[in-house]
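Examination of the molecular architecture
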Amino acid sequence: MKTWSEMRAFPLAIRLLLVNQLGVNIGFYLLIPYLATHLGADLGMSAAVVGIVLGVRNLSQQGLFILGGSAADRLGARGVIIAGCALRTVGFALFALGDGLPVLLAASILSGLAGALFNPAVRAYLAAEAGDRKAEAFALFNIFATTGALVGPLIGSALLLVDFRASALTAAAIFALLTAAQAVVLPAREVPASKGSVLGDWREVLANRAFLAFSLAMVGMFTMENQLYLLLPDGARRATGWEGAAGIVFLVGTLANLTLQMRITRSLKERGSRARWVAVGLALMGVAFVPPMAVAGTSGTDGGGVGGAALALVPVLAGALLLYVGVMIAQPFVMELIPEFGRAELTGTYFGIFYVVSGIAAAVGNTVVGWAMDAGGHGGAAWLPWACCLAFGLLSAAGVGWLHRLRALPVRAVAVAA
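Note that the structure is predicted; figures quoted are calculated from it, not measured.

What follows is about the overall build of the protein. Looking only at helices and strands, one finds 19 helices and 0 strands in the protein. The C-alpha atoms of the protein give 21 Å as radius of gyration, which agrees with the globular expectation for 418 residues (22 Å, within 12%). With respect to the principal axes defined by its C-alpha atoms, the protein has extents near 70 × 55 × 40 Å. Every one of the 418 residues in the protein was classed for burial, and the buried ones make up 54%.

Next comes the structure, spelled out in structure tokens:
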């Protein structure tokens, strides 16, 4: 109930963006996790071609975030959000309608470009509309995003009983509805005339060394968050010998997010600096990998039956819960800090470059974790990838703490309730 009352306290535009993020994640996750299987098993494409299609989508999104951010600043976030959702409608529809490689590549490029447009634009719009309640707005944003990431695969699994095209068309329909809702509900805001060039804006942001250092420090957060879809589900499956164990990880996290996110954000906002809580959240995210690491390499199915499998799953679930709590502590304050590094007219650009820098760094981090999983599996060191994630968390927390001690991060006085 706390979540709904908080949501109703915001204006209609923010409420729509929250529901929009729920729909975006539902539409995305009901399709993308099953795309590789469709390309390989249904269409008979080689692993190399599947990798090209998926890589093009990722590259289109990660590499073009900076364009989406600049477009939001210069053209207005509202129009960029609508254009992004419309492009993803077309991209996902192409996945349903075409089987040839050129069509699939076009669908990948359009869907990736769509994410590059509306992701920074949504955050810029949310930051502008929320005023001094940015942390609460981004906390709600996290709740709706997490819920969509849970619901999407469940709907996708059901639709795959029909076929992949049913999933793709359903996802396209969701984005079409979101596009229409945004066009009707989101109010247009006057966009101040830009005095310089786009390249000048990029140079200004990239010259902000404190911002770049902060973005690089966030490599730990993005790398560890991604383990909710890689290392933790793999650990749950290995511990229990049951494929469905991964779903329990997501369920526990989503329930925790729904019940705790707003309480955590409101409580911490009144009790100290944002940089402090970002560092605490990152450290907790790192510590979350200790319980699974302690039992890595063991299996609850070795003579223990269902009871043994359940006991073996407990450390993994404990780690997942700690990781979700760490995200709940850190992420709203990270999102609140980003626009305050520079001019309000460059909010979109700051978000865009933040996601480019952090995305590239996190890709490197995920490569390290993947290597550790392979090396640990072959060398009898199942603890190795978990230890890598622990190190990422502690190093990122130390980085933010160091920036805070240097007074390099934006600071504002803690608001006192009237």
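This brings us to the pattern of salt bridges. Where side chains of opposite charge bring their charged atoms close, a pairing between them can arise. Under the counting rule described, the total for this entry stands at 8 salt bridges. We note a salt bridge from aspartate 99 to arginine 165, for which the minimum N-O separation is 2.7 Å. One end of the pair, aspartate 99, is in the loop between helix H6 (77-97) and helix H7 (101-130); the other, arginine 165, is in helix H9 (residues 164-185), with 66 residues separating them in the sequence. Arginine 165 gets classed as partly exposed once you look at its relative accessible area, which sits at 33%. Glutamate 340 is the partner of arginine 274 in a salt bridge, and the nearest nitrogen-oxygen pair spans 2.9 Å.

Another aspect to go through is unusual backbone geometry. Phi at arginine 407 is positive, roughly 60°, even though this residue is not glycine. Its place among the elements puts arginine 407 in the segment after helix H19 (384-405). Take arginine 407: its relative accessible area is 76%, and that puts it in the exposed class.

Glancing now at the packing of helix H2 (residues 12-29) against H6. Running from N to C, H2 and H6 cross one another at 20°; their axes reach a closest spacing of 12 Å. What the angle tells us is that H2 and H6 run roughly parallel. The handedness of the crossing between H2 and H6 comes out as left-handed. From H2, Leu17, Asn20, Gly27 and Phe28 reach across to H6, where they touch Ile81, Cys85, Arg88 and Phe92.

What follows covers the packing of aromatic side chains. Tallying each qualifying case throughout the model produces 14 aromatic pairs. Measuring from ring centre to ring centre gives 6.2 Å for phenylalanine 92 and phenylalanine 95, while their planes differ by 50°; the resulting arrangement is tilted. With phenylalanine 92 and phenylalanine 95 both in helix H6 and 3 residues apart, this pair spans about one turn of that helix. The buried category is assigned to phenylalanine 92, whose relative accessible area is 0%. Here the aromatic cluster, defined as three or more aromatic residues joined through ring pairs, consists of Phe65, Phe211, Phe214, Phe222, Phe341, Tyr350, Phe354 and Tyr355. Here the basic side chain of arginine 133 rests over the ring of phenylalanine 10, its NZ or CZ set 4.2 Å away from the ring centre.

For the pair H2 and H7, interaxial distance at closest approach is 10 Å and the crossing angle is 155°. The angle between H2 and H7 places the two elements in the roughly antiparallel class. For the element pair H2 and H7, the recorded crossing hand is left-handed. Packed against H2, whose contacting residues are Ala13, Ile14, Leu17, Asn20 and Val24, the element H7 presents Phe118, Val122, Tyr125, Leu126, Glu129 and Ala130 at the interface. Among the residues making up the contact of H2 with H7, the classes are represented as 9 nonpolar, 1 polar and 1 charged.

Among the secondary structure elements, threonine 223 is positioned in helix H12 (residues 219-226). Relative accessible area serves as the criterion here: at 0%, threonine 223 is assigned to the buried category. With residues up to four places along the chain from it excluded, the contact list for threonine 223 reads Ala362, Gly365, Asn366, Val369 and Phe392.

Conventions we followed
- Residues numbered from 1 in each chain as written.
- Predicted model: local features only at pLDDT ≥ 70, side-chain atom pairs only at ≥ 80, totals over all residues.
- Heavy atoms only, no water.
- Helix = DSSP H or I, 4+ residues; strand = E, 2+ residues; numbered from the N terminus.
- Rg over C-alpha atoms; globule rule 2.2 N^0.38 Å.
- Buried < 20%, exposed > 50% of the residue type's maximum accessible area, 1.4 Å probe, protein only.
- Salt bridge = Lys/Arg side-chain N within 4 Å of Asp/Glu carboxyl O.
- Axes fitted to C-alpha atoms, helices over the stretch in contact; angles between N-to-C directions.
- Parallel < 35°, antiparallel > 145°, perpendicular 65-115°, else oblique.
- Left-handed = near helix turned anticlockwise from the far one by under 90°.
- Contact = heavy atoms within 4.5 Å.
- Phe/Tyr/Trp six-rings, centres within 6.5 Å; stacked < 30°, edge-to-face > 60°.
- Lys NZ or Arg CZ within 6 Å of the ring centre and 35° of its normal.
- Nonpolar A, V, L, I, M, F, W, Y, C, P; charged D, E, K, R; others polar.

Function cannot be read off these values alone, since they describe shape.
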